[in-house]
Amino acid sequence: MYDYLIVGAGLYGAVFAQQAKASGKSVLVIDKRPNIAGNVYTEKVEGIQFHKYGAHIFHTSNEEVWKYVNQFAMFNRFTNAPVANYKGELYSLPFNMYTFNKMWGVTTPQEAMAKIQEQRAEIIGEPRNLEEQAISLVGRDIYEKLIKGYTEKQWGRDCKELPPFIIKRLPVRFTFDNNYFNALYQGIPVGGYTRMVERMLEGVEVRLNVDYLLHKDTYDVIADRVIYTGAIDAYFGYRLGYLEYRSVRFENEVLDIPNYQGNAAVNYTDLETPWTRIIEHKWFEFGKDEQGNDLPKTIISREFSSEWKPGDEPYYPVNDDRNGKLFEAYKEMAAREEKVIFGGRLGEYKYYDMDQVIAAALKKCRETL
């Protein structure tokens, strides 16, 4: 008999397992995948740490979370500075003075502000959709070239049909600062995320290739409490209907050249290019192996956004009214499951950054253990 059965060996499950074991609890972790670490799973290919389920860049201003992860990994100094490619024109992201200079030829913050102010004027009153919200923040030119196509590919919907809140926190800087995140701490674990999660799960019993929902009766009786990090609607057999997600499909290529695009992330912001971005994995570790040697090959991943269907990997919750109401109904059902705690991105139907997942898990540990 275990004190805790933890369903899912991603970040939420690994944090809870580590803290529970440190508190003297007996723990079993199961995962339906053949590997630990969930979507942050990395594996070495051609000497490169390959982010199998998409790029993950750790960033946080939460001191507790930063101290916590540094027990299990040393982080490098990687700074996320993506580039936008619009029909061959390259722009700096997030929107900053480099972007404005390339877009309009302006060289001072005052000129850039004046240009945006002039273009904002077409939106009168409260923005009613994402298109109006974006134009009211950065003007028509930047919206048309750098937001519209990318967003419509990402969400599979016209910007006029998307709610304005999706883009409310768009970073706009009148400085020459192209660090995407405002976080105090940022980097990639040296040796990859899988190694970090392995260290978190040291001494914890882990069983992989186990589908909890297919063997629920067997596993529920062997533990006093269950920490469930899978999809909340799947737990209840989709009884009230499916929650919607956007999914991501990857086309990966190993190339026999040392450098494909010169940056970890390049976003393709026109509607005609079918992929949303290309990730070149080696630049998360500056093109070097752990011994500091240059790597002769490179790996790229083209990302394609798609509508989720059962069997696909769910990535981004679709936070509209319909899904919000449906999640609330499932949440009420979850509250009646006395021995089960629902956590993480899928269990709480919430888009969490990695540090937010870890913070939520640590908070739940304080309340529970």
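Check the entry above for the structure.
Within every chain, residues take consecutive numbers counted from 1 along the sequence as written. Predicted model: local features are reported for residues with pLDDT of at least 70 only, side-chain atom pairs are reported and counted for 80 or more only, and whole-chain, interface and lining totals are derived from all residues. Only hydrogens and water are set aside; all other atoms, that is, all heavy atoms of the structure, feed into the side-chain values.

Caption draft 1: How the structure looks around the packing of helix H3 (residues 97-104) against helix H4 (residues 109-120). Close contact between H3 and H4 brings their axes to 10 Å; oriented N to C, the two are set at 65°. On the basis of the axis angle, H3 is roughly perpendicular to H4. The element H3 and its partner H4 pack so that their crossing is left-handed. On H4, the residues touching Met 97, Phe 100 and Trp 104 of H3 are Pro 109, Ala 112, Lys 115, Ile 116 and Gln 119. Amino acids are sorted into nonpolar (Ala, Val, Leu, Ile, Met, Phe, Trp, Tyr, Cys and Pro), charged (Asp, Glu, Lys and Arg) and polar (every other residue, Gly among them). Among the residues forming the contact of H3 with H4, the class breakdown is six nonpolar, one polar and one charged. Working convention: axes come from line fits to C-alpha atoms, limited for helices to the stretch in contact. Angles between N-to-C directions cover 0 to 180 degrees. The helix count covers DSSP runs of H or I at least four residues long, the strand count covers runs of E at least two residues long, and both are numbered beginning at the N terminus. What sets the label is the angle itself: under 35 degrees gives roughly parallel, over 145 gives roughly antiparallel, 65 to 115 gives roughly perpendicular, and the rest give oblique. Helix crossings fall into two classes, left-handed where the near helix is turned counterclockwise from the far one by less than a right angle and right-handed where it is turned clockwise. When checking whether two residues touch, look at their non-hydrogen atoms; a contact exists if any pair is within 4.5 Å.

Caption draft 2: Local environment of the sheet that holds strand E11 (residues 245-255). DSSP bridges decide pairing: two strands pair if at least two such bridges lie between them. The mixed open sheet is built from seven strands, whose spatial order is E7-E6-E12-E13-E14-E11-E15. Each edge of the open sheet is held by one strand with a lone partner, namely strand E7 (89-92) and strand E15 (316-317). Of the pairings in the sheet, the one linking strand E6 (residues 83-86) to E7 comprises four bridges and is antiparallel in character. Within E7, the position partnered with Asn 85 by the bridge is Leu 90. The sheet strands contacting helix H6 (residues 140-155) are E6, E7, E11, strand E12 (265-268), strand E13 (277-280), strand E14 (298-307) and E15, and the helix crosses E6 at an angle near 90°.

Caption draft 3: Representation of the pattern of salt bridges within the structure. The working definition used for a salt bridge is a side-chain nitrogen of Lys or Arg within 4 Å of a carboxyl oxygen of Asp or Glu. Under the criterion given, the structure shown has 24 salt bridges. Two residues, Arg 322 and Glu 244, come together in a salt bridge whose shortest N-O distance is 3.5 Å. Here Arg 322, found in helix H10 (residues 321-335), pairs with Glu 244, found in the loop between helix H9 (232-235) and E11; they are 78 residues apart in sequence, far enough to count as distant. Note on exposure labels: buried denotes an accessible area under 20% of the residue type's maximum, exposed denotes more than 50%, and partly exposed covers the range between, all computed with a 1.4 Å probe on protein chains only. We classify Arg 322 as partly exposed; its relative accessible area is 42%. Owing to a relative accessible area of 26%, Glu 244 belongs among the partly exposed residues under this scheme. Here Lys 309 ties to Asp 312 by a salt bridge, and the two come within 3.4 Å at their closest N and O atoms. By relative accessible area, Asp 312 is classed as partly exposed at 24%.

Caption draft 4: Structural detail: the sheet that holds strand E2 (residues 27-30). With parallel pairing, five strands are arranged side by side in an open sheet as E9-E2-E1-E10-E16. Edge strands, defined here as strands with exactly one partner in the open sheet, are strand E9 (205-207) and strand E16 (340-342). Taking each pair of neighbouring strands and ignoring which way they run, the sheet shows an average axis angle of 20°.

Caption draft 5: Just helix H12 (residues 354-368), in detail. For H12, which comprises 15 residues, the first-to-last C-alpha distance of 21 Å matches the rise-based estimate of 21 Å (1.5 Å per residue) to within 8%. For H12, the set of buried residues is Met 354, Asp 355, Val 357, Ile 358, Ala 360, Ala 361, Leu 362 and Cys 365. Of the surrounding secondary structure, the elements contacted by the buried residues of H12 are helix H1 (11-22), strand E5 (58-60), helix H2 (63-69) and helix H7 (193-200). Multiplying one less than the number of residues by 1.5 Å gives the expected span of a helix.

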